[in-house]
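Analysis of the macromolecular model
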There are 2 protein chains.
Amino acid sequence: MIEPGLFLAHWQGHRRLSARVLAAFPEDQLFTFAPAAPLRPFGELLWEIVGQTGYVLDGLGTGTWGEPRWERLPSTAPGVLRAAWEAQTARIGHEGARVPPSRWAAAQATGWGEMTAVMTALAALDNEIHHRGQGTIYLRLLGIAPPDFWERG
Amino acid sequence: MIEPGLFLAHWQGHRRLSARVLAAFPEDQLFTFAPAAPLRPFGELLWEIVGQTGYVLDGLGTGTWGEPRWERLPSTAPGVLRAAWEAQTARIGHEGARVPPSRWAAAQATGWGEMTAVMTALAALDNEIHHRGQGTIYLRLLGIAPPDFWERG
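A few points on the structure. (Residues numbered from 1 in each chain as written. Chains lettered and ligands numbered in written order. Predicted model: local features only at pLDDT ≥ 70, side-chain atom pairs only at ≥ 80, totals over all residues. Heavy atoms only, no water.)

**Side note on the overall build of chain A**
Helices and strands together make up the secondary structure of chain A, namely five helices and two strands. Of the regular secondary structure in chain A, the N- to C-terminal order runs α-α-α-α-β-β-α. Rg of the C-alpha trace for chain A: 16 Å, near the compact-globule value of 15 Å for 153 residues, within the 12% margin. Projecting the C-alpha coordinates of chain A onto the three principal axes gives extents of approximately 45 × 30 × 25 Å. A buried classification covers 52% of the 153 residues belonging to chain A. Looking at chain A alone, contacts between residues at least 24 apart form 75% of all its contacts between residues at least 6 apart. For chain A, the exposed surface amounts to about 6,400 Å²; the carbon and sulfur share of it is 54%. A distance of 2 Å separates the average location of the 13 positive side-chain charges in chain A from that of its 15 negative side-chain charges. (Helix = DSSP H or I, 4+ residues; strand = E, 2+ residues; numbered from the N terminus. Rg over C-alpha atoms; globule rule 2.2 N^0.38 Å. Buried < 20%, exposed > 50% of the residue type's maximum accessible area, 1.4 Å probe, protein only. Contact = heavy atoms within 4.5 Å. Areas by Shrake-Rupley, 256 points an atom, 1.4 Å probe, with all protein chains shown as cover. Lys, Arg positive; Asp, Glu negative; His and termini not counted. Charge placed at Lys NZ, Arg CZ, Asp CG, Glu CD.)

**Points about the interface of chain B and chain A**
With 32 residues of chain B at the contact, the number on the chain A side is 32 residues. Each partner contributes to the roughly 3,000 Å² buried at the junction of chain B and chain A, and carbon and sulfur atoms together form 77% of this total. Per-residue buried area on chain B facing chain A is highest for Met1, Ile2 and Ile137 of chain B; these three make up 26% of the total on that side. The interface formed by chain B and chain A includes zero salt bridges. (Buried area = accessible area lost by both parts, 1.4 Å probe. Salt bridge = Lys/Arg side-chain N within 4 Å of Asp/Glu carboxyl O.)

**Focus: the packing of helix α2 (residues 42-62) of chain A against helix α5 (residues 117-141) of chain A**
Residues and elements named next belong to chain A. Two numbers describe how α2 lies on α5: the axes approach to 10 Å, and their chain directions differ by 170°. Regarding the angle of α2 to α5, the classification is roughly antiparallel. Across the interface between the two elements, Phe42, Leu45, Glu48, Ile49, Gln52, Thr53, Val56 and Leu60 of α2 pack against Ala117, Thr120, Ala121, Ala123, Ala124, Asn127, Glu128, His131, Arg132, Gln134, Gly135 and Tyr138 of α5. Residues that form the contact of α2 with α5 fall into these classes: 10 nonpolar, seven polar and three charged. (Axes fitted to C-alpha atoms, helices over the stretch in contact; angles between N-to-C directions. Parallel < 35°, antiparallel > 145°, perpendicular 65-115°, else oblique. Nonpolar A, V, L, I, M, F, W, Y, C, P; charged D, E, K, R; others polar.)

**Re helix α5 (residues 117-141) of chain B**
Taking 1.5 Å per residue, 25 residues should reach 36 Å; α5 of chain B reaches 37 Å between its end C-alpha atoms and fits that length. At the exit of α5 of chain B stands Gly143 of chain B, carrying a positive phi of roughly 85°. (Expected span 1.5 Å × (residues − 1).)

**Quick word on the nonpolar core**
Inside soluble globular proteins, nonpolar side chains tend to come together where they are buried. Among the nonpolar cores identified, the biggest contains 84 residues, and Trp11 and Leu60 of chain A together with Trp11 and Leu60 of chain B are the most heavily contacted of them. Looking at this core, the elements with two or more residues in it are α1 (4-24), α2, α3 (78-96) and α5 of chain A together with α1 (4-24), α2 (42-62), α3 (78-96) and α5 of chain B. Among residues more than four places away in sequence, those in contact with Trp11 of chain A are Thr53, Val56, Leu57, Leu60, Ile92, Ala121, Leu125 and Glu128 of chain A. (Core = buried A, V, L, I, M, F, W, Y, C linked by side-chain atoms within 4.5 Å.)

Dropping the structure here:
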């Protein structure tokens with residue numbers, strides 16, 4: 001009931017919003033600021049999303065999943081994270097469009113259990129929204145107004 | 001590519017998680033604690049979700065949308081909010097199952113613009129995940145461990 005193209009456009013809108021929240025973060029706080037233990041800095045949360053989304057894109061593209069595994073903190077350079085984010089957003093665009101239509105609704109043997117392919121993508125998107133919402137509170141605590149939630153263009 | 005039943009089950013899982021975050025909140029902080037201006041207390045955020053979700057359920061059920069409108073803060077009694085949350089979660093279950101299958105993917109003239117019915121539900125769910133993520137930071141700032149994000153049963 002959701003066309004793949006519509007879902008991918010929705011996902012891309014969220015990626016753009018997350019990129020804006022990332023851009024709003026002071027570079028010197030991105031990998032250091034966390035308001036209470038054991039919360040992680042926003043840059044670390046975003047690397048988790050990059051790792052998780054990469055796992056989903058690999059599985060969507062190949063139909064083969066394996067165990068989820070990614071490096072926890074590949075870099076604390078803001079520019080490296082921003083570049084990785086942009087490159088992966090582009091991947092969602094061109095690789096997402098090439099996922100075989102039948103695969104989206106087909107059960108997949110993933111490292112998270114058996115689920116349809118689209119539900120793996122929705123799980124990654126849910127986690128992005130969750131951690132980005134946390135990041136907007138970090139911004140407010142730093143005295144910075146976050147981008148509007150409903151602005152996705 | 002997402003069956004309505006699968007989407008509704010996913011939505012209900014998020015509702016259960018939000019109910020747990022609500023239950024974890026100290027009653028005397030639910031409508032008072034906000035860590036920085038102009039952030040709203042978590043109870044107020046949840047009333048927004050109740051209002052928005054109610055708008056979506058009315059539209060899904062009738063195919064008629066009108067303008068979104070809801071009371072900003074119907075009550076500051078924690079028990080009233082909890083009861084409203086539970087009643088609305090039950091509504092998603094029984095009314096969601098009765099939405100005509102053809103309506104989910106059909107364009108609707110909503111107060112948020114023209115979009116398919118399922119995208120209105122996804123928008124409400126996205127907003128719930130976003131604000132609940134913010135609420136988990138409030139909990140950490142209050143010294144309370146939030147429920148696990150991945151536990152939805």
